[in-house]
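# Close look at the chain arrangement
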Amino acid sequence: MTDVSTMDQQEQIARIERAQEETRKFAAETRKMTRGTALAPWQLVVTAMTAGAALFGAGAAFTKLMGP
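I will try to describe carefully the structure that is included in this document. (Residues numbered from 1 in each chain as written. Predicted model: local features only at pLDDT ≥ 70, side-chain atom pairs only at ≥ 80, totals over all residues. Heavy atoms only, no water.)

### Quick word on the overall build of the protein chain
Scanning the protein chain for helices and strands turns up 2 helices and 0 strands. For the protein chain, the residues scored as buried account for 0% of the 68 residues in total. Here the protein chain has roughly 6400 Å² of accessible surface; of this, 68% comes from carbon and sulfur atoms. (Helix = DSSP H or I, 4+ residues; strand = E, 2+ residues; numbered from the N terminus. Buried < 20%, exposed > 50% of the residue type's maximum accessible area, 1.4 Å probe, protein only. Areas by Shrake-Rupley, 256 points an atom, 1.4 Å probe, with all protein chains shown as cover.)

The following block contains the structure:
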């Protein structure tokens with residue numbers, strides 16, 4: 001091997017290691033953020049009920065608007 005090819009390989013290894021470290025940091029930040037934003041089961045139920053009520057109300061208003 002020549003010195004040039006050895007330097008190229010070392011540069012590539014360093015670049016790969018930096019990319020892997022950035023990926024590890026990003027994954028850690030993502031895990032940290034998703035841990036705090038997970039909804040409890042009761043919050044999902046309340047959200048679904050609220051969305052259903054909003055859709056029902058919109059449907060009733062549309063029916064009244066389009067009715068005789």
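### Some thoughts on a nonpolar patch on the surface
Together, Phe62, Leu65 and Met66 give the surface a local cluster of nonpolar side chains, amounting to about 380 Å² of exposed area. The residue Phe62 is located in helix 2 (residues 41–66) in this model. (Patch = residues over 30% accessible without salt bridge, like charges linked within 9 Å, V, L, I, M, F, W, Y side chains within 5 Å. Salt bridge = Lys/Arg side-chain N within 4 Å of Asp/Glu carboxyl O.)

### What to know about the pattern of salt bridges
Scanning the model with the defined rule gives 1 salt bridge in all. One salt bridge in this structure joins Glu21 and Arg24, with 3.3 Å as the shortest N-O distance. Of this pair, Glu21 and Arg24 both sit in helix 1 (residues 3–37), 3 residues apart, which is roughly one turn of the helix.

### Describing the environment of Thr47
Along the chain, Thr47 falls in helix 2. On the accessibility criterion, Thr47 (46% relative accessible area) is partly exposed. Within the structure, Thr47 has its side chain in polar contact with the backbone oxygen of Gln43 (distance 2.7 Å). (Polar contact = N/O pair within 3.5 Å; in protein donor to acceptor, adjacent residues only side chain to side chain.)

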